[in-house]
Amino acid sequence: MNRLCDRGTVTKPSTHSHSKDFGDMADFVDEKRHEMQARLKELRPLVDEYHRLEAAVAALEGVAVAPAAARAPARSARPARPAA
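None of these values were measured; they are calculated from a predicted model.

1. Quick word on the overall build of the protein
Step number 1: Counting secondary structure elements, the protein contains 1 helix and 2 strands.
Step number 2: In the protein, the succession of α and β elements from N to C terminus is β-β-α.
Step number 3: Each of the 84 residues in the protein was classed as buried or not, and the buried ones make up 0%.
Step number 4: Taken as a whole, the protein presents about 8,600 Å² of accessible surface, with 61% of it coming from carbon and sulfur.

2. Points about the confidence of the model for the protein
Step number 1: Looking at the protein, pLDDT values average 79 and 58% of them are 70 or higher.
Step number 2: Averaged over each element, pLDDT in the protein is lowest for strand 1 (residues 3-4) (57) and highest for helix 1 (residues 19-60) (93).

3. A closer look at the pattern of salt bridges
Opposite charge on two side chains permits them to pair, given that their charged atoms come into close proximity.
Step number 1: With the rule as written, the count across this model stands at 4 salt bridges.
Step number 2: Of the charged contacts, one joins D30 and R33 as a salt bridge, the two residues approaching to 3.1 Å between their closest N and O atoms. Taken together, the residues D30 and R33, both in helix 1 and 3 residues apart, mark about one turn of the helix.
Step number 3: Of the residues examined, D30 reaches a relative accessible area of 30% and is grouped as partly exposed.
Step number 4: Between D48 and R44 there is a salt bridge; the shortest N-O distance is 4.0 Å. Remark: R44 and D48 occur in helix 1; sequence separation between them is 4 residues, near one turn of the helix.

4. Let's talk about a nonpolar patch on the surface
Step number 1: A surface patch of nonpolar side chains, about 300 Å² in accessible area, is lined by M25, F28 and V29.
Step number 2: Here M25 is to be found in helix 1.
Step number 3: Classification of M25 as exposed rests on a relative accessible area of 52%.

Reading the values: the criteria
Sequence order as written defines the numbering, with residues in each chain counted from 1. Reporting of local features is limited, given that this is a predicted model, to residues whose pLDDT is at least 70; pairs of side-chain atoms are given and counted only at 80 or more, and all residues count toward the totals for whole chains, interfaces and linings. For the side-chain quantities, the full set of heavy atoms in the structure was used; hydrogens and water were omitted. Helix numbers and strand numbers start at the N terminus; a helix is a DSSP run of H or I with at least 4 residues, a strand a run of E with at least 2. Residue exposure (1.4 Å probe, protein chains only): buried if accessible area is under 20% of the type maximum, exposed if over 50%, otherwise partly exposed. Only the protein chains shown count as cover for residues, and the accessible areas themselves come from Shrake-Rupley with a 1.4 Å probe. Think of pLDDT as the predictor's per-residue confidence, scored from 0 to 100. Here, a salt bridge means any side-chain nitrogen of Lys or Arg that lies within 4 Å of a carboxyl oxygen of Asp or Glu. Candidates for patches are residues over 30% relative accessible area with no salt bridge; among them, like charges are joined within 9 Å and nonpolar side chains (Val, Leu, Ile, Met, Phe, Trp, Tyr) within 5 Å.

This is the structure:
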């Protein structure tokens, strides 16, 4: 069976099988799917951390923070040591 080409000329169908092309496409799709699955596995810990941080921020949004002057001093009051 002959086919009409874009230029109006008659061409003969190719003799090679298109199944190879479809096999190559299937291999390509499988490869990309595996790459994406590997990337998802790699990113999962980061996504989990993101969700934990997001929950922590949400929990802290309702906490009132005292002004710096009202907070207790960070150092404990110790008696001074005599010089030796």
